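Structural features, examined
Letter by letter, the chains look like this.
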Amino acid sequence: MKALDKKLLRDLWRWRGQILAIALVIACGIASFVSMLSAYNSLQLTQASYYEQYRFAQVFAQLKRSPLSLKAQIETIPGVAQVQTRVVADVNLDISGRAEPAIGRLISIPERQPPLLNSLYIRRGRYIQPNRDNEVLIAESFAKAHQLDLGDTIGAVINGRWQKLLIVGIALSPEYVYAIQGSGDIFPDNQRFGILWMGREALGTAFNMDGAFNDVTLTLMRGAIEADVIFHLDRLLERYGGFGAYGRKDQLSHRFLSEELKQLQATATFVPSIFLGIAAFLLQVLLSRLITTQRDQIAVLKAFGYNDLKIGLHYLQFVLAIVLVGAAIGTAIGVWFGTAITHNYARFFSFPILRYQAGTSVVAGAILVSGGAAIVGALTAVQKAISLPPAEAMRPEPPASFRPTFIERLGFGRFFSPAIRIVLRNIERKPIQAFLSTLGIALAVGMLVVSGYFTDALQYMIDVQFRQIQREDVAIAFNEPRPSRVRYEVAHLPGVLKAEVFRTVPARLRYEHRTYRVGILGLEPETELRRLLDRHLQPIYLPLDGVVLSTTLAEILSAKQGDVLTLEILEADRPIRTVLVVGLVDELIGVSAYMDIHALNRLMREGGTVSGAYLAADALQIDRLYATLKRIPAVTGVSVRKMAIARFEATIAGSLGIFTAVMTIFACIIAFGVVYNAARIALSERSRELATLRVIGFTQAEVAVVLLGEQAVLTLVAIPLGLAIGFGISALLSLAFTSELYRFPLAITNATYAFATIAILIAAAISGAIVSRQLSDLDLVAVLKTRE
């Protein structure tokens, strides 16, 4: 074995503590990058393969009723490849052991063969059989939520008649990967809403749809223009009560799945990139200081005839060994966390199989960034050392200045002990080193703040959305618009303390060349159960005319207050209206358009028509209210606020839960690694100076003050800087996490700042204790003889 190889092994063993700490910093950066990006790539791959294999449709349309003969005309539209007509209806379900009402969406399927489009993956059981009118397939998510199994029955109110449905199969569909009932919902509620597939003949007969359909889906030929197909389809369906065709991008499940993947992509690139970048910076600083402590050894190697290239390659091997250890740990942890994150999404998205794949390009990219930073840091320090003549490099690096510090020149030096003055002098004479050490610790503090930011933002969203905006106990929706007298009937339901009706009108909002499908929500004046709030959480009251848009919707349309929108109403006779934008409202969840309910009724040229109601209910009579709602066929939507909070926490908090935990662990490891290495390298750099102090009479405690006092000062200075950095990164994240689904507010609690502060102080205390023990192991005579 060559001499340099032996030195390499000895150095790796001698510096094993610091090497492990640096390797963990590298591992955290690589693991965060690999885990999040591989999870995103895996989900995207799963989505694409599922859509293709089970023939997910590309254009969708609902209508009131059309004869099956219209299918032939739809097939003649240029660009249409395949057409599938269906009967779809929402019905009330009675689930054994459940008080709250549940809604089932019945979708017709052929009795003798699987659907041509939106085909079904049968997880368990079998397909329905002909002439068995009560057989259904049930969505897996709904079955799990209610612990339903093959052979169980469900009661359903089908077109006003009570019927028992027999479960013969548990299935999944690409059309309902993210199963929500309507555009007013944001998160899936598998307790309250489920999909059931029923034979075409049985469902058609039950809803008087023999020889007719009320739902159609299409796929397109390669190169077909979706907008042209939608235009021609709308013209054909207009006379049959069409509600407006739309493409896959506006299909509810795909839209929300795409938004979630977009958020995951932001999470998978932005946050790990910050971690990886910080880890790379810290690595560069730590290694450059570590190799600087070997200045005399580099000089000896030069004196024995080793050229600059061999010395450089030696230290390159030293650095690569550390990087490889960190890369091995980081890749293993990243794949493990990536698998956990990917399978965690199975709780919210109904995929038949989740294919996890950690691409080599992702792992290689993370390793190259970390390795590159390490090599730059090492070679910078080596270059500085080899540029000196061997005789000069063997001597200790002289202090930059011997003059008193700024504080001493002000006359305050007499108030400090000699040990404290040494600390202050060392910081002032090496400002760049002190700044980089402070910045490294501050970045670690910032990461701790960021790790807590997500939890704070989620709690803020829950408080604002479900306690200050949505204050109703129960919200009900009717199967079709109802006359104004319904408001009095709703107010007299069992247990109802207060009722506020609303009107929802599906519409396509158009401003210039931009369009967006949304339900315009008409609220009563000075509503108390469903409020609009400004960014300061003060109530906003709807004006008597005009529309108020959420800021996100206004940005999508590029509309502002005072602009005039064109509304293409997607119900009744589909009139075209214009409306003035009279205001904007900041909202954290979804996109919305609001009007005064009377203004919306006037816009629709109707009486006091309503679509549903918000209810405040007596908790002691809530079960009576649920039982009554189950028996009302006109009620096809029931939302319970406490359940909405639970599903929000399960969906958003659940999807970010593992990510937040991982980030917190990584931030703590980086914090400890940075503080420990800073203290340990400071000990190596100043070992001769500290030994000299011991020889001239300083106690070990005073020497510890000299060494650790400097680290304490830098840590205390770094904490407020780190808190500011954490706030800044969180502000960037709040911008990156803006989508149609939800927006993350910039909300950081004092508890998060306290956690970051305490965590870094604990890391500093543990590091100080470890380094203090190493002070007692100094061989004072040997240290004094090394550099004379």
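Please refer to the structure placed before this passage.
So, here's what we can say about the structure. Because the structure is predicted, anything quoted here is derived from the model rather than measured. (Residues numbered from 1 in each chain as written. Predicted model: local features only at pLDDT ≥ 70, side-chain atom pairs only at ≥ 80, totals over all residues. Heavy atoms only, no water.)

What to know about the environment of A646
Its location among the elements puts A646 in helix α19 (residues 641-685). For A646, a relative accessible area of 41% gives the class partly exposed. Linking A646 and D189, residues 457 residues apart in sequence, is a C-alpha distance of 9.4 Å. (Helix = DSSP H or I, 4+ residues; strand = E, 2+ residues; numbered from the N terminus. Buried < 20%, exposed > 50% of the residue type's maximum accessible area, 1.4 Å probe, protein only.)

Overview of helix α21 (residues 700-736)
In this model α21 runs 51 Å from its N-terminal to its C-terminal C-alpha over 37 residues, within 8% of the 54 Å that 1.5 Å per residue would give. Along α21, the largest kink reaches about 35 degrees and is centred on L708. (Expected span 1.5 Å × (residues − 1). Bend = angle between axes of the 7 residues up to and from the residue.)

Topic: helix α8 (residues 295-303)
Of all the residues in α8, the buried ones are R295, D296, I298, A299 and L301. Where α8 ends, the next residue or the one after it, G305, has phi of about 100 degrees, a positive value.

A few points about the pattern of salt bridges
Counting across every chain of the model gives 20 salt bridges. D234 is the partner of R574 in a salt bridge, and the nearest nitrogen-oxygen pair spans 4.0 Å. Of this pair, R574 sits in the loop between β18 (564-569) and β19 (576-585) while D234 sits in helix α6 (residues 226-237), and the two are 340 residues apart along the sequence. For D234, a relative accessible area of 11% translates into the label buried. Between E524 and R487 there is a salt bridge, with the nearest N and O atoms lying 4.0 Å from each other. With a gap of 37 residues between them, E524 in the loop between β14 (514-523) and β15 (532-533) and R487 in helix α15 (residues 486-491) connect regions that are remote in the sequence. (Salt bridge = Lys/Arg side-chain N within 4 Å of Asp/Glu carboxyl O.)

Focus on the packing of helix α14 (residues 431-469) against α21
Axis separation between α14 and α21 bottoms out at 6 Å; the angle between their running directions is 45 degrees. When the interaxial angle is binned, α14 and α21 end up oblique. The element α14 and its partner α21 pack so that their crossing is right-handed. (Axes fitted to C-alpha atoms, helices over the stretch in contact; angles between N-to-C directions. Parallel < 35°, antiparallel > 145°, perpendicular 65-115°, else oblique. Left-handed = near helix turned anticlockwise from the far one by under 90°.)

Some words on the sheet that holds strand β10 (residues 212-220)
The four strands are arranged β2-β10-β1-β11 in an open sheet whose pairing can be described as antiparallel. Both edges of this open sheet fall to β2 (80-86) and β11 (246-247), since each of them pairs with a single strand only. Inspection of the sheet shows strand β1 (residues 59-67) paired to β11 by two bridges, in the antiparallel sense. When the bridges of β11 are listed, V59 appears paired with G247. The strands that α6 touches are β1, β2, β10 and β11; relative to β1, the one it contacts most, it runs at about 10 degrees. (Pairing = 2+ DSSP bridges. Contact = heavy atoms within 4.5 Å.)

Describing the nonpolar core
With 93 residues, the main nonpolar core has F351, M461, F648, F744 and I760 as its most contacted residues. Counting only elements with at least two residues in this core, the list comes to α2 (16-53), α7 (252-292), α9 (308-344), α10 (360-386), α14, α19, α21 and α22 (750-775). A total of 17 residues in this core trace back to one element, the largest contributor, which is α14. With 42 residues, the next largest nonpolar core counts L93, A143, I158 and V168 among its residues. (Core = buried A, V, L, I, M, F, W, Y, C linked by side-chain atoms within 4.5 Å.)

Looking at the pairing of strand β21 (residues 610-617)
Of all eight residues in β21, eight are buried; the element is thus mostly enclosed. One ladder, built from five bridges, connects strand β12 (residues 474-482) with β21; its direction is antiparallel. Directly across from I476, in β21, lies its bridge partner A613.

Things to note about unusual backbone geometry
A positive phi is found at R55, a non-glycine position, where the angle reads about 55 degrees. Mapped onto the secondary structure, R55 falls in the loop between α2 and β1. At S558, a residue that is not glycine, the phi angle is positive and equals roughly 55 degrees. Inspection of the secondary structure assignment puts S558 in the loop between α16 (551-557) and β18. You can call S558 partly exposed: its relative accessible area is 41%.

Section: the pairing of strand β17 (residues 547-550)
Going residue by residue along β17, you find V547 and L549 tucked away on one face and V548 and S550 tucked away on the opposite face as well. As judged from the four bridges shared by β17 and β19, these two strands associate in the parallel manner. When the bridges of β19 are listed, V548 appears paired with G583. Across two bridges, the pairing between β17 and strand β20 (residues 593-596) is antiparallel. Residue pairing for β20: L549 is matched across the bridge by A593.

Function cannot be read off these values alone, since they describe shape.
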